[in-house]
Amino acid sequence: MVRFKNRYFTTEIIPLDNGHDVLKTYDILKSVLAVTEQIHGEFGAAAIRNGLEVKYCNESTQVAIIRCRHGPHRLLASSLPFLSRIGKRKVQLQSMYTGATLVKCYHFLKKFHQEKMNEALKMCRTEQEKKKVLEIMSKTKYGL
């Protein structure tokens, strides 16, 4: 039996408009396939289509994890920066991390969110501000 290797792209989705449309995994998948086909042609789209899946998408933190097979992951990696629309929303995709396992991506996200919280807490001057920041962060699922 043959084992399939995968690569996981942890990306930050930065919205460029004020639209409040919910990010759906299907829209992300469709947009990624479209931009890969635009850049690499039918070969690129067919190569990544087989193992392409959005494993994690968090609306409040604007983070998504996209799975792709090991061989054509290079095609996907080269086309992700050119993604400008997801559904009807104008966005910019920023690649944060590429990992071999989903667990490593989750470890990276945990560390990334912890750094964001520490950054936000350093900006606070009083205890009230710190409590308010912690309350807002817990509502947006940044979590500790």
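As the structure is a computational prediction, the values presented were derived from the model and not from experiment.

So, on to the overall build of the protein. Along its length, the protein carries 4 helices and 5 strands. Each helix and strand of the protein, ordered N terminal to C terminal, gives the series β-α-β-β-α-β-β-α-α. With the C-alpha coordinates of the protein rotated into their principal frame, the extents come out at 55 × 40 × 20 Å. Per-residue burial over the protein gives 36% buried out of 144 residues. Carbon and sulfur atoms form 53% of the exposed surface of the protein, whose accessible area is close to 9500 Å². Side-chain charges in the protein split into 25 positive and 13 negative, and the spacing between the mean points of these groups amounts to 6 Å.

This part covers the packing of aromatic side chains. When we look at a pair of aromatic rings, we describe it by the centre distance and by the angle of the planes. In total, this model carries 3 aromatic pairs according to the counting rule given. Each ring, one from Tyr97 and one from Phe108, has its centre 4.9 Å from the other, and the planes form 10°; the classification is stacked. Note that Tyr97 is positioned in strand E5 (residues 89-99) and Phe108 in helix H3 (residues 102-123), a separation of 11 residues in sequence. Tyr97 sits in the partly exposed class, given a relative accessible area of 26%.

Counting buried positions along strand E3 (residues 63-69) gives 7 out of 7 residues, so the element sits mostly inside the fold. Neither face of E3 is open: one carries Val63, Ile65, Arg67 and Arg69, the other Ala64, Ile66 and Cys68, and all of them are buried. In this sheet, E3 lies alongside strand E1 (residues 6-15) in antiparallel orientation, the contact comprising 7 bridges. Paired with Tyr8 across the two strands is Arg67, which belongs to E3. Strand direction decides the pairing type here: strand E2 (residues 53-58) and E3, joined by 5 bridges, are antiparallel. Its bridge partner lying in E3, Val54 is registered against Ile66. Following E2, the chain reverses through 4 residues before pairing antiparallel with E3; Gln62 in that reversal takes a positive phi of roughly 60°.

So, about the environment of Ile66. Along the chain, Ile66 falls in strand E3. Taking relative accessible area as the criterion, Ile66 reaches 1% and is therefore assigned buried. For the pair Ile66 and Lys116, spaced 50 residues apart in the sequence, the C-alpha separation amounts to 22 Å. Apart from residues no more than four positions distant in its own chain, Ile66 is found in contact with Arg7, Tyr8, Phe9, Thr11, Ile28, Val32, Leu52, Glu53, Val54, Leu76 and Leu80.

Compared with an ideal rise of 1.5 Å per residue, which puts 25 residues at 36 Å, helix H1 (residues 25-49) spans 15 Å between its outermost C-alpha atoms and falls more than 12% short. Those residues of H1 lying buried are Ile28, Ser31, Val32, Leu33, Val35, Thr36, Gly44, Ala45 and Ile48. Looking at the buried residues of H1, the elements they touch are E1, E2, E3, helix H2 (73-79) and strand E4 (85-86).

Reading guide: rules and limits
Residues numbered from 1 in each chain as written. Predicted model: local features only at pLDDT ≥ 70, side-chain atom pairs only at ≥ 80, totals over all residues. Heavy atoms only, no water. Helix = DSSP H or I, 4+ residues; strand = E, 2+ residues; numbered from the N terminus. Buried < 20%, exposed > 50% of the residue type's maximum accessible area, 1.4 Å probe, protein only. Areas by Shrake-Rupley, 256 points an atom, 1.4 Å probe, with all protein chains shown as cover. Lys, Arg positive; Asp, Glu negative; His and termini not counted. Charge placed at Lys NZ, Arg CZ, Asp CG, Glu CD. Phe/Tyr/Trp six-rings, centres within 6.5 Å; stacked < 30°, edge-to-face > 60°. Pairing = 2+ DSSP bridges. Contact = heavy atoms within 4.5 Å. Expected span 1.5 Å × (residues − 1).

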